[in-house]
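# Structure assessment
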Amino acid sequence: MSLSELFIIAVGLSMDAFAVAICKGLSVQKAKIKHMLITGLYFGLFQAGMPAIGYFVGKQFASYITRFDHWIAFVLLGLIGANMIRESLSKEEEKCCNENSSFGFRAMFPMAIATSIDALAIGVSFALLPDVNIVPAVSFIGITTFIFSFAGVKIGNVFGAKFESKAEFVGGVILILMGLKILLEHLGVINF
C-alpha cells in the first residue's frame, strides 16, 4: 500500500473523530491547548489501536478468506463510508454538541471507542492485503487523527458546527472510493 493510499484512508478514518472534536470545541467557552491535546490523544490512540486489533484478528482468518478478500475489503469500506455519508446527511441534531462537555475519561473514552469502530474493520481489511506494513500504517492513522482532532477542537470553538457534516460526508466518500479501488485492482480492471 502506497503512502498516498494510506494517507487517503487515514484522512477518511479521521473524519468521525474530527466531527466529534468540532463538537468538543463547541462545548467550551474557550478552547485551550489542554482540550486540544486531550482530544487528539484519545482519538489518535484509539484510531491507531483499533486497526492494529483488527489486523491481528484478520490475520487469524486470512487463510480462510483469501479468495474473497478484495470483496470483503470493498464491502467493509463501502459500508463504513455509506454510513458516514448517511450520518452526514441526517437532519437530526448531533447529540455530541449538547451532551457532557467534559474532557475527562468518562466523556472521552466512549467517544474514542465510538469514533474508532470503523478503524477496527479497516484493520481487518489490512490483514487481507498483501502489502500492508501494520506498524507504520497504524502510526500514520493515529498521527493523522491526532492532527485532525487537535485542529477540530479549535475549529469547532471558532467556526461552529458548519463543517461537521461536510467533514463526515467527505470521509465517507473517500472510504467508498478506496474500497472500489481495491476491488477494481484485484479484478484487474485498473492498475495503480
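Everything below is about the structure shown above.
Reading guide: rules and limits
- Residues numbered from 1 in each chain as written.
- Predicted model: local features only at pLDDT ≥ 70, side-chain atom pairs only at ≥ 80, totals over all residues.
- Heavy atoms only, no water.
- Helix = DSSP H or I, 4+ residues; strand = E, 2+ residues; numbered from the N terminus.
- Expected span 1.5 Å × (residues − 1).
- Bend = angle between axes of the 7 residues up to and from the residue.
- Buried < 20%, exposed > 50% of the residue type's maximum accessible area, 1.4 Å probe, protein only.
- Polar contact = N/O pair within 3.5 Å; in protein donor to acceptor, adjacent residues only side chain to side chain.
- Phe/Tyr/Trp six-rings, centres within 6.5 Å; stacked < 30°, edge-to-face > 60°.
- Lys NZ or Arg CZ within 6 Å of the ring centre and 35° of its normal.
- Contact = heavy atoms within 4.5 Å.

### Describing helix 4 (residues 105-128)
With 24 residues, helix 4 ought to run about 34 Å at 1.5 Å a step, and its terminal C-alpha atoms sit 34 Å apart, in line with that. In the structure, helix 4 departs most strongly from a straight axis at serine 116, where the bend amounts to approximately 40°.

### A closer look at helix 5 (residues 134-159)
Within an α-helix, residues lying three or four positions from one another point in the same direction, as the helix has 3.6 residues per turn. Here helix 5 is 26 residues long and its end C-alpha atoms lie 36 Å apart, about the 38 Å a rise of 1.5 Å per residue gives. For helix 5, every residue scored as buried is listed here: Ile134, Ala137, Val138, Ile141, Gly142, Thr144, Thr145, Ser149, Gly152, Val153 and Gly156.

### Some words on the side chain of serine 116
For serine 116, the position within the fold is in helix 4. Of note is the side chain of serine 116, whose polar atom sits 2.8 Å from the backbone oxygen of alanine 112.

### As for the packing of aromatic side chains
Counted according to the given criterion, the structure contains seven aromatic pairs. Where phenylalanine 7 meets phenylalanine 140, the ring centres are 6.1 Å apart and the plane angle is 65°; that geometry is what we call edge-to-face. Linking phenylalanine 7 in helix 1 (residues 3-26) with phenylalanine 140 in helix 5, this pair joins segments that are 133 residues apart in sequence. On the basis of relative accessible area, phenylalanine 7 is assigned to the partly exposed category, the value being 41%. Classification of phenylalanine 140 by relative accessible area gives partly exposed; the value is 25%. Three or more aromatic residues joined by ring pairs make a cluster, and in this case those are Phe46, Phe105 and Phe109. Cation over ring: lysine 24 sits above phenylalanine 103, and NZ or CZ is 4.7 Å from the ring centre.

### Quick word on the side chain of glutamate 5
You can see glutamate 5 is positioned in helix 1. The residues touching glutamate 5, leaving out its near neighbours within four places in the chain, are Met178, Lys181 and Glu185.

Any link to function would need more than the numbers given here.
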